[in-house]
Amino acid sequence: MSHTLGIRQAQKQKTRQAFLDAALALLEEQSLSSLGLREVTRAVGVAPTAFYRHFRSTADLGVALVDEALGSLHPMVRTTVSTTGDSEERIARAVELIAHHVEAYPAHVRFIARERHGGVQSVREAIRDQLARFAEEVKAELAKDPEAAGWGDGDLLMLAHLYVDQMLITASLFLEALEAPEEERERVTQRATRQLRLISIGRNHWHG
């Protein structure tokens, strides 16, 4: 019996993932608010009623896509501001990690960039909540740095949000340059490096 349940659960998870993959592909060319349930089920090759075994609505599916796109990134985000190495090494590591992630998951990055200010409230809130978690985790990493001595929680959180926002901006820039010549991607790298360096300089001269 348990073996049969295991097979059913695996099949259910496979179908759920098929919905997520199909929606992500369809969202390359449109926003979530315009995505039709029948479009998704047609792409998966199942009846529309099958959709409701996995999601309550396309908005619910969108929230699941947010979890898929951002939920696994927490270790990477913490790594980008790790206290290992000097400031220049940290900046170079952060830009490289972001560039590699965009190359590996362009559809996820595009989805987040579009839906962060999109028309589906629950998805906007899911993205906002994930970004708030990132900021709290970045704040915890920043607090380990000797340079943070004397900083209050509020200032550390403000700095963490600056870093998280800059990571999103950098990801969007790399996304736009994905099919561009190598020299354009190099310009994005240089721009992102200079922007992070500016935040770092401001941090060193901040007195609350």
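What you see is a predicted model; the values in this text were computed from it and never measured. (Residues numbered from 1 in each chain as written. Predicted model: local features only at pLDDT ≥ 70, side-chain atom pairs only at ≥ 80, totals over all residues. Heavy atoms only, no water.)

Visitor: Help me out: how do you make sense of the packing of aromatic side chains in this one?
Guide: For the coordinates displayed, the defined rule picks out 4 aromatic pairs. For the ring pair F51 and Y52, a centre distance of 5.6 Å and an interplane angle of 85 degrees mean the geometry is edge-to-face. On the basis of relative accessible area, F51 is assigned to the buried category, the value being 0%. Taking relative accessible area as the criterion, Y52 reaches 52% and is therefore assigned exposed. Judged by centre distance (5.6 Å) and plane angle (40 degrees), the ring pair of F51 and F55 falls under tilted. (Phe/Tyr/Trp six-rings, centres within 6.5 Å; stacked < 30°, edge-to-face > 60°. Buried < 20%, exposed > 50% of the residue type's maximum accessible area, 1.4 Å probe, protein only.)

Visitor: Is there a simple way to think about the packing of helix α4 (residues 58–70) against helix α8 (residues 121–143) in this case?
Guide: Geometry of a packed helix pair, given as the angle between the helix axes and the separation of the axes. Where α4 contacts α8, the axes come no closer than 8 Å and their chain directions differ by 20 degrees. One element, α4, and the other, α8, form an angle in the roughly parallel class. Relative to α8, the crossing made by α4 is right-handed. Listed contacts from α8 to A59, G62, V63, V66, D67 and L70 of α4 are S122, V123, A126, I127, Q130 and F134. Looking at side-chain class alone, the contact of α4 with α8 contains 8 nonpolar, 3 polar and 1 charged residues. (Axes fitted to C-alpha atoms, helices over the stretch in contact; angles between N-to-C directions. Helix = DSSP H or I, 4+ residues; strand = E, 2+ residues; numbered from the N terminus. Parallel < 35°, antiparallel > 145°, perpendicular 65-115°, else oblique. Left-handed = near helix turned anticlockwise from the far one by under 90°. Contact = heavy atoms within 4.5 Å. Nonpolar A, V, L, I, M, F, W, Y, C, P; charged D, E, K, R; others polar.)

Visitor: Whenever I open this one, the pattern of salt bridges confuses me. Can you help?
Guide: Two side chains carrying opposite charge are able to pair once their charged atoms lie near each other. Under the defined criterion, the tally for this structure stands at 12 salt bridges. For E141, the salt bridge is made with K144, and the minimal N-O distance between the two is 3.0 Å. The buried category is assigned to E141, whose relative accessible area is 12%. The class for K144 is exposed, based on a relative accessible area of 56%. (Salt bridge = Lys/Arg side-chain N within 4 Å of Asp/Glu carboxyl O.)

Visitor: What am I meant to see in the nonpolar core here?
Guide: Most often, soluble globular proteins have nonpolar side chains that are buried together. Of all hydrophobic cores here, the largest spans 59 residues; its most connected members are L61, L65, V66, L70, F111, V138 and Y163. The element best represented in this core is helix α9 (residues 153–176), accounting for 10 residues. In this view, L65 contacts L20, A23, L24, L27 and F111; residues no more than four positions away in its chain are not counted. (Core = buried A, V, L, I, M, F, W, Y, C linked by side-chain atoms within 4.5 Å.)

Geometric descriptors of this kind do not, in isolation, establish any biological role.
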